[in-house]
Amino acid sequence: MASSNFAYFSLFLFLSSILFAFQVSSTSRHVVINNHSKKGFKVSLKHVDSGGNFTKFERLQRAMARGRSRLQRLSLVANSFASLSSKDDDSNNNVKSTIHAGNGEFLMQISIGSPSESYNAIMDTGSDLVWTQCKPCKECFDQSTPIFDPSKSSTFEKISCSNKLCEALPMSSCGDSNCEYMYTYGDYSSSEGFLASETFTFGEVAIPNVAFGCGNDNEGSGFSQGAGLVGLGRGPLSLVSQLHMSRFSYCLTSINEDADSTSSTLLMGSIAHDDYNNIITTPLVKNPTQPSFYYLSLQGISVGDTQLPINKSTFSLNKDGTGGMIIDSGTTITYLEESSFSLLKKVFSSKVNLPVDDSSSTGLDLCFKLPSNTNHIEIPKLIFHFEGADMDLPADNYMIADSSMGIACLAMGSSRGMSIFGNVQQQNMMVIHDLDKETLSFAPTQCDKL
């Protein structure tokens, strides 16, 4: 096989860490911030485990555990439409709920109210509603900051049942003319309260009249990392839709970087430009049954010089809204439909000249035993063939190595039905969502330098 079909996975020892990192070159862009809200704004993102005194490999395992839970949630979301559409046995006087994705891997700092109070909220591209915990609490989970008190803000206002945003809630009810909501999640976490509007501040940009869920009955462990959630999905309740900003992007730092000293970046509005070197662009696909998710058209996968014999329909959306592939900031590793992942494992293994590790000690499906006293291994290239865009992944976007255990693992797994393009595969890429053009673009970027 030609050497051009291989990537060199270089391993560098760090005294304070058990994880190795692959060094790749990339372009870097510095965005000049204009604080006018019509231009957009920039927000720093922190990984949910930053400050937790975890080793890098421990962070990965914690993130994978959350990712498996999120995969189950997202699968429930995708599969719930048919069952919900066949049932309508709740009266209009009761709060209805459906299943939502929830949780995530990155926190964004926001400020709410006048005067403003700062909170860390989970950024979630897989859901729409913006919400935080509110006083007075019937039940609230612990959070690191004081719970938002609407009575102390001069700009707080409840939203009426006749408001179109109340009508946009998937499930809602009316109580004392106020719009009530309930969101439930696959792990029995939930948020219940009323819809309101308030001034939100992002960085130095204050934006009035942002609709959000004021949750005074919140249960479960799914949101313990933050004080709520900021939905960046495609639905009318999301922050993206409310601000009428048709373009946003994020740049996620490598899982190999020190989470306590680096931050990722979210850009909203026109400052989320697409003037980058080596940019690739693919169409976004709409799923009428799940309009909030960002679906991509994955048409194939190549390992080295071998294009896997995967039927193109494997990653296609089914008529009932199941299947397909979404891109998600809140899922750590990529999950591929199980038959395609089995093929990938088989071909990838055949092209790596290392013994397979079957200990299952990492939680990853495919691992190799590392030779002693080595600082690099040769692995096959991995290319995702999206419609109109071939993504040649950098090696550290799909291989993880652990020095103490002497193993290197493929950072991917299998799923049934829906496939997910996870955030490890997106790291050190500017990921640009253009909702006017209905496209998604990737541009190599050193995200810790923004």
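None of the values given here were measured: they were computed from a predicted structure.

**Quick notes on the sheet that holds strand β26 (residues 399–402)**
Here comes step 1: The sheet built from four strands is open, its strands ordered β21-β22-β27-β26 with antiparallel pairing. Here the strands that pair on one side only, and so sit at the sheet edges, are β21 (356–357) and β26.
Here comes step 2: Two elements, strand β22 (residues 367–369) and strand β27 (residues 407–410), share three bridges in a ladder whose sense is antiparallel. What sits directly across from Lys369, in β27, is Ile407.
Here comes step 3: Sitting on the sheet, helix α4 (residues 338–350) touches β21, β22, β26 and β27, and the angle it makes with β27 is about 140°.

**Some remarks on the environment of Leu354**
Here comes step 1: Tracing the chain through its elements places Leu354 in the loop between α4 and β21.
Here comes step 2: By relative accessible area, which is 17% here, Leu354 ends up buried.
Here comes step 3: With 54 residues separating them in the primary sequence, Leu354 and Ala408 have C-alpha atoms 9.8 Å apart.
Here comes step 4: Contacts of Leu354, omitting those with residues within four sequence positions, involve Phe368, Lys369, Pro371 and Ile377.

**Brief notes about the packing of aromatic side chains**
Here comes step 1: Evaluated as defined, the whole model comprises 19 aromatic pairs.
Here comes step 2: Between Phe41 and Phe202, the ring centres sit 4.7 Å apart and the planes meet at 10°, which makes this aromatic pair stacked. Of this pair, Phe41 sits in strand β2 (residues 41–47) while Phe202 is found in strand β10 (residues 190–202), placing the two residues 161 residues apart along the sequence.
Here comes step 3: Phe202 gets classed as buried once you look at its relative accessible area, which sits at 1%.
Here comes step 4: Here the aromatic rings of Phe348 and Phe368 are separated by 6.2 Å at their centres, their planes lie at 35°, and the arrangement is tilted.

The rules we used
- Residues numbered from 1 in each chain as written.
- Predicted model: local features only at pLDDT ≥ 70, side-chain atom pairs only at ≥ 80, totals over all residues.
- Heavy atoms only, no water.
- Pairing = 2+ DSSP bridges.
- Helix = DSSP H or I, 4+ residues; strand = E, 2+ residues; numbered from the N terminus.
- Contact = heavy atoms within 4.5 Å.
- Axes fitted to C-alpha atoms, helices over the stretch in contact; angles between N-to-C directions.
- Buried < 20%, exposed > 50% of the residue type's maximum accessible area, 1.4 Å probe, protein only.
- Phe/Tyr/Trp six-rings, centres within 6.5 Å; stacked < 30°, edge-to-face > 60°.

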